[in-house]
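Coordinate inspection notes
If you want the building blocks of each chain, they are given just below.
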Amino acid sequence: MTRAVVLLSGGLDSSTALAWAVREQGWQCVTIAFDYGQRHRMELEASKRVANALDVTDHRVIHVNLDTIGGSALTSKEIEVPKDQPKTEAIPVTYVPARNLIFLSIAAGLAESVGASRLVIGANIMDYSGYPDCRPEFLNAFEETLRLGSKAGIEGDPIRISAPLIRMKKSEIIELGLKLGLDYGLTHSCYDPLPDGSPCGHCDSCHYRRLGFGELRREDPLHYSD
């Protein structure tokens, strides 16, 4: 059976990618979440809920203090999370410098440790904020780096990266998850939730999530502050 390490933030995309790996591909999955100094812990709690719901028996949380690097609204409360902003070509302040580069590197180390041949990431370039480390070019280059710089690659069995959602609209991602029986009420997407944990409804992540459910004429199981 194929073994995979799945990056699971607890958000809509990563949870759908896990459902795809488990229920569509039939892979045995190890999930990995990162406590990286983010603004809140809601997504870490969501990652555990989703892993349990999809019968993952090996879910790991790894501490990486990206808040010591700074430079992002997701790791610094001194930088405001943009709300109700029009989409532009500029990379938003919610971009965390080198986040996926670091996370994929650690996930690749775990993959070698547990004998997994796949890394699964819920990266997406469609209804999203234009993060450079979510692009196919980056993932292809990183996969080549793994071939050159890992024991598995040198021995001729390189670790492959699967990004099943990379070119899907948010509505298509949600439709896939619903088809696979994923409970989106377990997930968390908001960048800047209220103290009670409810999503703000106005950040980019909330915007695209609501847009996706709206296009499908389906009700989002999360309750927004507005």
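This write-up is about the structure you can find in this document. All figures in this text were calculated on a predicted structure; none of them were measured in a lab.

What counts, and where the lines are drawn
Residues numbered from 1 in each chain as written. Predicted model: local features only at pLDDT ≥ 70, side-chain atom pairs only at ≥ 80, totals over all residues. Heavy atoms only, no water. Pairing = 2+ DSSP bridges. Helix = DSSP H or I, 4+ residues; strand = E, 2+ residues; numbered from the N terminus. Axes fitted to C-alpha atoms, helices over the stretch in contact; angles between N-to-C directions. Left-handed = near helix turned anticlockwise from the far one by under 90°. Contact = heavy atoms within 4.5 Å. Nonpolar A, V, L, I, M, F, W, Y, C, P; charged D, E, K, R; others polar. Expected span 1.5 Å × (residues − 1). Buried < 20%, exposed > 50% of the residue type's maximum accessible area, 1.4 Å probe, protein only. Phe/Tyr/Trp six-rings, centres within 6.5 Å; stacked < 30°, edge-to-face > 60°. Lys NZ or Arg CZ within 6 Å of the ring centre and 35° of its normal. 1 Å grid on protein atoms, 1.4 Å probe; cavity = no way out; pocket = protein on both sides within 12 Å on 5 of 7 lines; lining within 4 Å. Points joined across faces, edges and corners; volume = space filled by probe spheres on them.

**Some points on the pairing of strand β3 (residues 59-63)**
- As paired strands, strand β2 (residues 28-35) and β3 are joined by 5 bridges and run parallel to one another. Paired with phenylalanine 34 across the bridge in β3 is isoleucine 62.

**A word on the packing of helix α3 (residues 99-114) against helix α4 (residues 136-149)**
- In contact at an axis separation of 12 Å, α3 and α4 are set at 35° when each is read in the N-to-C sense. Seen from above, α3 lies across α4 with right-handed handedness. Contacts from Asn100, Leu101, Leu104, Ser105 and Ala108 in α3 reach Phe138, Leu139, Phe142 and Leu146 in α4.
- Residues of the contact of α3 with α4, tallied by class, amount to 7 nonpolar, 2 polar and no charged.

**So, helix α7 (residues 204-216)**
- End to end, α7 covers 19 Å across 13 residues, agreeing with the expected 18 Å (1.5 Å per residue, within 8%).
- Along α7, the residues classified as buried are Ser205, Cys206, Tyr208, Arg209, Gly212 and Phe213.
- The inward-facing, buried residues of α7 contact α1 (12-24) and α6 (170-179).
- In the segment just after α7, arginine 217 is the residue with positive phi, at about 55°.

**Overview of the packing of aromatic side chains**
- For the structure shown, the criterion picks out 6 aromatic pairs.
- Centroid distance phenylalanine 34 to phenylalanine 103: 3.9 Å. Interplanar angle 5°. Geometry classified as stacked. Taken together, the residues phenylalanine 34 in strand β2 and phenylalanine 103 in helix α3 connect sequence positions 69 residues apart.
- We classify phenylalanine 34 as buried; its relative accessible area is 6%.
- Since its relative accessible area comes to 7%, phenylalanine 103 is described here as buried.
- Ring geometry for tyrosine 184 versus phenylalanine 213: centroids 5.9 Å apart, planes at 90°, classification edge-to-face. You can see tyrosine 184 sitting in the loop between α6 and α7 and its partner phenylalanine 213 sitting in helix α7, a full 29 residues away along the chain.
- With relative accessibility at 3%, the residue phenylalanine 213 sits in the buried group.
- Of the aromatic side chains, those joined through ring pairs into one cluster are Phe34, Tyr36 and Phe103.
- Across the ring face of tyrosine 224, the terminal group of arginine 210 is positioned such that the distance to the ring centre comes to 4.3 Å.

**Focus on the environment of glycine 212**
- In this fold, glycine 212 is placed in helix α7.
- Of the residues examined, glycine 212 reaches a relative accessible area of 1% and is grouped as buried.
- Each C-alpha atom of the pair glycine 212 and isoleucine 174 lies 7.0 Å from the other, and the pair is 38 residues apart in sequence.

**What to know about the layout of surface pockets**
- As a volume, the largest pocket reaches approximately 210 Å³.
- Lining the largest pocket are 13 residues, and of these Gln85, Pro86, Thr88, Pro92 and Asp204 sit closest to its centre.
- Grouping the constituent residues of the lining of the largest pocket by class yields 7 nonpolar, 4 polar and 2 charged.

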